[in-house]
Amino acid sequence: MIRHLLLIEFRPTVDAAQIAAVKTLFETIPEKIEGIVAVEWGLNDSPEGLNKQFTHAVFMTFADEAARTNYLPHPAHEALKQVFVPLLNDIVVFDYSL
């Protein structure tokens, strides 16, 4: 199993409707790409103030390396990126295996 964590900082001009559209794209991607076990979307609510301007997170679980390999160039992932990437100010992508 592989975990794929995104920490997201949207541009200041991005509105709630745009963020909601991105959330929907992420939450529906397991229906489009085989091997994605789960997707979670979260808004930072830590009281510690250590998020360094990152406000949202996406936590994806892939069944295995083959699933992640399939996801990266997949047309559904490319379509998601076409909407998502222009809205970003910064992002951290961190993967690890279980």
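Residues numbered from 1 in each chain as written. Predicted model: local features only at pLDDT ≥ 70, side-chain atom pairs only at ≥ 80, totals over all residues. Heavy atoms only, no water.

Colleague: Can you help me understand helix H1 (residues 16-28) in this one?
Modeller: Residue pairs spaced three or four apart in an α-helix point in one direction, given the helix's 3.6 residues per turn. Its 13 residues give H1 an end-to-end C-alpha distance of 18 Å, which sits within 8% of 18 Å, the value for a rise of 1.5 Å per residue. Of all the residues in H1, the buried ones are Ile19, Val22 and Phe26. All buried residues of H1 fall inside an arc of 60 degrees around its axis, so they share one side. As for H1, its buried residues are in contact with strand S1 (2-10), strand S2 (36-43), strand S3 (56-62), helix H2 (65-71) and helix H3 (75-84). The N-cap residue of H1 is Asp15: its side-chain oxygen and the backbone nitrogen of Ala17 are 3.1 Å apart. (Helix = DSSP H or I, 4+ residues; strand = E, 2+ residues; numbered from the N terminus. Expected span 1.5 Å × (residues − 1). Buried < 20%, exposed > 50% of the residue type's maximum accessible area, 1.4 Å probe, protein only. Arc of directions from axis to C-beta. Contact = heavy atoms within 4.5 Å. Polar contact = N/O pair within 3.5 Å; in protein donor to acceptor, adjacent residues only side chain to side chain.)

Colleague: Is there a simple way to explain the nonpolar core in this structure?
Modeller: In globular proteins that are soluble, nonpolar side chains generally tend to be buried together. If you look at the biggest cluster of nonpolar residues, it comprises 23 residues, and the most contacted ones within it are Phe26, Met60 and Phe84. Mapped onto this core, the elements with two or more residues apiece are S1, H1, S2, S3, H2 and H3. Per-element accounting of this core gives the leading share, 4 residues, to S1. Dropping the residues within four chain positions of it, Phe84 is found in contact with Leu6, Ile8, Phe10, Val22, Phe26 and Ile91. (Core = buried A, V, L, I, M, F, W, Y, C linked by side-chain atoms within 4.5 Å.)

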